[in-house]
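# Working through the structure, step by step
Read off the chains here:
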Amino acid sequence: MKPAPFAYHRPNTINDLVALVASCENAKLIAGGQSLVPMLNMRYVIPDHVIDLNRIESLNFIRENNGAIEIGAMTRQCEIEHDQLIARRAPILQDALRHVGHLQTRSRGTIGGSLCHLDPAAELPGIAALYDATLHIAGPRGTREVNIADWSLGYMTPALEPDEVLTHITFPLWKEPHGHAFLEIARRLGDFAIVGVGCLLALDRNGAIARAAISLVGVSTAPVRLSDTEAALIGQKPTESTFKAAAEHARTIECLEDAQISASYRQRLAGVLVARALKLASARAEITK
């Protein structure tokens, strides 16, 4: 199949973009197009207007600012995957991106596209949740910020008004030395994750866990932070029994079920991957503390 007819727009600035989305009814924004183009071709979506973001250079950047990494919404996934600042300051982003599709899709796909498409199995929203990221929005009423915890309104539905656009994402960096890990299980390399787990772990001078963050993707319509598990880990030694207890809690979370994967299987995978991710992050934290 081919797309239904639509009007095509290609703005050069954010102001032009905001004006377009405010004036065009039933519009879709196209960034990398890795999700939207197939949906257009199969007529899952039938917009009257398609607005191409690829000429807006101000939406493509990676920079460090006030203890945080800021990434423009139009930054290609492959740019993040190979960026030296990201490698030094937030390497888990690159670990997660190696699970995203294939080289060809990462060469076109953007971080903003992933966060706005908001597939339940997408890795980048999970990393945003792990860092308590802030999403920056522009629209005809001005700019606003949305915490990643409030970003999902439901299945593949971000907290964006029809006349608003995502401009960039801020990832607050951990000041303390820490370890990281991102692991996932998929049917094949490049497939959507059945379950994915991201973990950040810092140890104190006595070798006990001083800070922890754990997020899961693929288990719900939005990334899931294991806040209770994180709190329970504080002060504990990074041992097999500690990680086993965290895994047992992960097995109790409510999970999605579909025609291929049962909820109980996702729960089991969540527990296994949480334990493995904590162990790997702990080993890396030992090296960096």
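The preceding data block contains the structure.
Residues numbered from 1 in each chain as written. Predicted model: local features only at pLDDT ≥ 70, side-chain atom pairs only at ≥ 80, totals over all residues. Heavy atoms only, no water.

## Comments concerning the layout of surface pockets
The calculated volume of the second largest pocket comes to roughly 490 Å³. D119, A121, F192, D258 and R266 are the residues nearest the centre of the second largest pocket, which is lined by 21 residues in total. Tallied by class, residues from the lining of the second largest pocket come to 10 nonpolar, 5 polar and 6 charged. (1 Å grid on protein atoms, 1.4 Å probe; cavity = no way out; pocket = protein on both sides within 12 Å on 5 of 7 lines; lining within 4 Å. Points joined across faces, edges and corners; volume = space filled by probe spheres on them. Nonpolar A, V, L, I, M, F, W, Y, C, P; charged D, E, K, R; others polar.)

## Observations regarding unusual backbone geometry
A positive phi is found at D132, a non-glycine position, where the angle reads about 55°. With respect to the helices and strands, the residue D132 is situated in the loop between α8 (123–130) and β6 (134–139). Here M156, not a glycine, exhibits a phi torsion of approximately 50°, which is positive. Mapping M156 onto the fold places it in the loop between β8 (152–154) and β9 (157–158). Under the relative-accessibility criterion, M156 is labelled partly exposed at 24%. (Helix = DSSP H or I, 4+ residues; strand = E, 2+ residues; numbered from the N terminus. Buried < 20%, exposed > 50% of the residue type's maximum accessible area, 1.4 Å probe, protein only.)

## Things to note about the packing of aromatic side chains
In this description, an aromatic ring pair is defined by two values, namely the gap between the centres and the angle between the planes. Counted under the stated rule, the structure contains 1 aromatic pair. Taken together, a centroid distance of 6.1 Å and an interplanar angle of 85° make the contact between Y131 and F171 edge-to-face. Of this pair, Y131 sits in the loop between α8 and β6 while F171 sits in strand β10 (residues 165–172); the two residues are 40 residues apart in sequence, bridging distant segments of the chain. This pair shows no difference in class: Y131 is buried, exactly as F171 is. In this arrangement the basic side chain of R63 is found over the ring face of F61, its NZ or CZ atom lying 3.9 Å from the centre. One cation-aromatic arrangement involves R211 over W174; the distance from NZ or CZ to the ring centre is 4.0 Å. (Phe/Tyr/Trp six-rings, centres within 6.5 Å; stacked < 30°, edge-to-face > 60°. Lys NZ or Arg CZ within 6 Å of the ring centre and 35° of its normal.)

## Concerning helix α1 (residues 14–23)
Spacing of three or four residues puts side chains on the same side of an α-helix, whose turn is 3.6 residues. Those residues of α1 not exposed but buried are L17, V18, L20 and V21. Here the buried residues of α1 occupy an arc of 160° about the axis, which is enough to place them on one side. Exposed residues pointing more than 90 degrees away from the buried face of α1 are listed as N15 and S23. Against the buried residues of α1 lie β1 (7–9), β2 (27–30), β3 (49–52), β6 and β10. (Arc of directions from axis to C-beta. Contact = heavy atoms within 4.5 Å.)

## With respect to the pattern of salt bridges
Enumeration over the complete set of coordinates arrives at 16 salt bridges. The residue R144 makes a salt bridge to E164 at a minimum N-O spacing of 2.7 Å. In this pair, R144 is assigned in strand β7 (residues 142–147) and E164 in the loop between β9 and β10, connecting sequence segments 20 residues apart. Using a relative accessible area of 8% as the deciding quantity, one classes E164 as buried. With its nearest N and O atoms 3.2 Å apart, the salt bridge here joins E240 to K279. Placement of the pair is E240 in helix α10 (residues 240–250) and K279 in helix α11 (residues 263–288), with a sequence separation of 39 residues. In the salt-bridge network here, residues are joined through shared partners; they are R141, R144, D163 and E164. (Salt bridge = Lys/Arg side-chain N within 4 Å of Asp/Glu carboxyl O.)

## Some thoughts on the sheet that holds β6
Spatially, 5 strands are ordered β4-β5-β10-β6-β7 in an open sheet, and the strand pairing comes out antiparallel. The two strands at the open ends of the sheet, each matched to only one other strand, are β4 (62–65) and β7. Each adjacent strand pair in this sheet contributes to an overall mean axis angle of 25°, direction not counted. For β6 and β10, the ladder comprises 5 bridges, and the chain directions are antiparallel. (Pairing = 2+ DSSP bridges. Axes fitted to C-alpha atoms, helices over the stretch in contact; angles between N-to-C directions.)

## A word on α8
Burial within α8 is extensive, with 8 of its 8 residues counted as buried. For α8, the complete set of buried residues consists of E123, L124, P125, G126, I127, A128, A129 and L130. Just past α8, the residue D132 takes up positive phi, approximately 55°.

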